[in-house]
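# Notes for the structure review
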Amino acid sequence: MTQIRPIIAPSLLASDFAKLGEEARAIEAAGADWLHIDVMDGHFVPNITLGPDIVKALRPHVKIPFDVHLMIAPADPYLEAFREAGADIISVHPESGPHLNRTLKRIRQLGAKAGVVFNPSTPPETIEWMMDEVDLILVMSINPGFGGQSFMTSQLKKIERLRAMIDATGRDIPLEVDGGVTPQTAPLCIAAGATALVAGSAVFRGGPSAYADNIRALRGV
Ligand code: DX5
Ligand code: ZN
């Protein structure tokens, strides 16, 4: 059983896109801690989702932090727009630009928390020299681009490694996992050291009346 109470960040990607405001409100009412927003450009990943105008339109609907996962390249020209739209956490993939350190500093300068996302092939050492600049670490347990894929157990070792790297800093940096997180795989993530869980399909299945139970099931309670 889980020792900690994980942060649950439902991914809006699995919601009904024709009712985004309603879905965001239902998820907050169901006990979600953060709202995970997947931004895709059809270039960095093979899918297209939404941009800063939609994030801005959603902002008045809920109070929970917006955890914005940028799957766009380049990301730098859009950081300000996402921050102004109401993003609280902005996470980028190191592969999306040539200067990760500069990008992270810029996100912080804008007043948001700066996150780094690890693709399944991205090594933990990528941020070895940037631990002071990082406010959140997000490990992808699928290849980014689509919801509903199966959890890659190969990433559990990486979560463990990043847990050790975070502990060595003495700072409380959330370690988030994204992709194929279900009531079955969530305990594996927690045992490996994760403190935050993104889930699309596992939260949104069954419609609004099921959201609270789905979130509880991820927490293992
Ligand atoms: C995929 C996204 C995920 C996605 C997860 O690129 O980053 O946030 O919504 O979906 P599930 O939980 O269905 O695997
Ligand atoms: Zn995501």
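Higher on the page you've got the structure.
A brief report on the enclosed structure follows. Since we're looking at a predicted model, the values are computed, not measured.

Thresholds applied
- Residues numbered from 1 in each chain as written.
- Chains lettered and ligands numbered in written order.
- Predicted model: local features only at pLDDT ≥ 70, side-chain atom pairs only at ≥ 80, totals over all residues.
- Heavy atoms only, no water.
- Helix = DSSP H or I, 4+ residues; strand = E, 2+ residues; numbered from the N terminus.
- Rg over C-alpha atoms; globule rule 2.2 N^0.38 Å.
- Buried < 20%, exposed > 50% of the residue type's maximum accessible area, 1.4 Å probe, protein only.
- Contact = heavy atoms within 4.5 Å.
- Donors = N, O, S within 2.8 Å, 3.2 Å for Na, K, Ca; no water.
- Near = heavy atom within 4 Å.
- Polar contact = N/O pair within 3.5 Å; in protein donor to acceptor, adjacent residues only side chain to side chain.
- Areas by Shrake-Rupley, 256 points an atom, 1.4 Å probe, with all protein chains shown as cover.
- 1 Å grid on protein atoms, 1.4 Å probe; cavity = no way out; pocket = protein on both sides within 12 Å on 5 of 7 lines; lining within 4 Å.
- Sits in = over half its atoms within 2 Å of the grid points.
- Pairing = 2+ DSSP bridges.
- Axes fitted to C-alpha atoms, helices over the stretch in contact; angles between N-to-C directions.
- Salt bridge = Lys/Arg side-chain N within 4 Å of Asp/Glu carboxyl O.

### Quick notes on the overall build of the chain
Helix and strand counts for the chain stand at eight helices and eight strands. At 16 Å, the chain has a C-alpha radius of gyration in line with the 17 Å of a compact globule built from 221 residues. Overall size of the chain, expressed as C-alpha extent along the three principal axes, is 45 × 40 × 30 Å. Across the 221 residues of the chain, 54% fall into the buried class. The long-range fraction of contacts in the chain, counting pairs at least 24 apart against all pairs at least 6 apart in sequence, stands at 65%.

### Considering the coordination of the zinc ion (ligand 2)
Geometry reference: four tetrahedral donors at a metal, ideal angle 109.5 degrees. Six octahedral donors, ideal angles 90 or 180 degrees. Coordination sphere of the zinc ion (ligand 2), protein contribution only: His36 (NE2), Asp38 (OD), His69 (ND1) and Asp178 (OD), at 2.0 to 2.3 Å. Read in sequence order, the donor residues coordinating the zinc ion (ligand 2) give the pattern H-x1-D-x30-H-x108-D. Placement of the pair is His36 in strand S2 (residues 35-40) and Asp178 in strand S7 (residues 175-178), with a sequence separation of 142 residues. For Asp178, a relative accessible area of 8% puts it in the buried group.

### Considerations on the site of ligand 1
Taken together, 21 residues form the shell around ligand 1, and within it Ser11, Gly145, Asp178, Gly200 and Ser201 come nearest. Interatomic distance of 2.8 Å between a backbone N/O atom of Gly145 and an oxygen atom of ligand 1. The side chain of Asp178 places a nitrogen or oxygen atom 2.7 Å from an oxygen atom of ligand 1. Contact with the protein chains covers 99% of the free accessible surface of ligand 1, which is 390 Å². Here ligand 1 is seated within the largest pocket. Sorting the residues of the shell around ligand 1 by element identifies S2, strand S3 (66-71) and strand S8 (196-199) as the ones contributing at least two each.

### Overview of the sheet that holds strand S6 (residues 136-140)
Strand pairing in a sheet relies on backbone hydrogen bonds. The paired strands run either parallel or antiparallel. Overall, parallel pairing links the eight strands, which are arranged S1-S8-S7-S6-S5-S4-S3-S2 in an open sheet. Of all the strands in the sheet, just strand S1 (7-10) and S2 have a single pairing partner and so form its edges. The mean angle between the axes of side-by-side strands here comes to 25°, regardless of whether they run parallel or antiparallel. In terms of strand pairing, S1 meets S8 through four bridges, oriented parallel. Counterpart to Pro10 in the pairing with S8 is Ala199.

### Some thoughts on the pattern of salt bridges
Counted according to the given criterion, the structure contains 10 salt bridges. When the shortest N-O distance is used, the salt bridge between Arg5 and Asp33 registers 3.4 Å. Pair noted here: Arg5 is in the segment before S1 and Asp33 is in the loop between helix H1 (20-29) and S2, with a separation of 28 residues, a long-range link. When its relative accessible area of 57% is taken as the criterion, Arg5 is described as exposed. Judged by its relative accessible area of 19%, Asp33 falls in the buried class. Two residues, Arg171 and Asp135, come together in a salt bridge whose shortest N-O distance is 3.5 Å. Of the two residues, Arg171 sits in the loop between helix H5 (155-169) and S7 while Asp135 sits in the loop between strand S5 (113-118) and S6, which places them 36 residues apart along the sequence. Among the charged side chains, a network of salt bridges with common partners joins Arg5, Asp33 and Arg219.

Any functional reading would require information that these geometric values do not contain.
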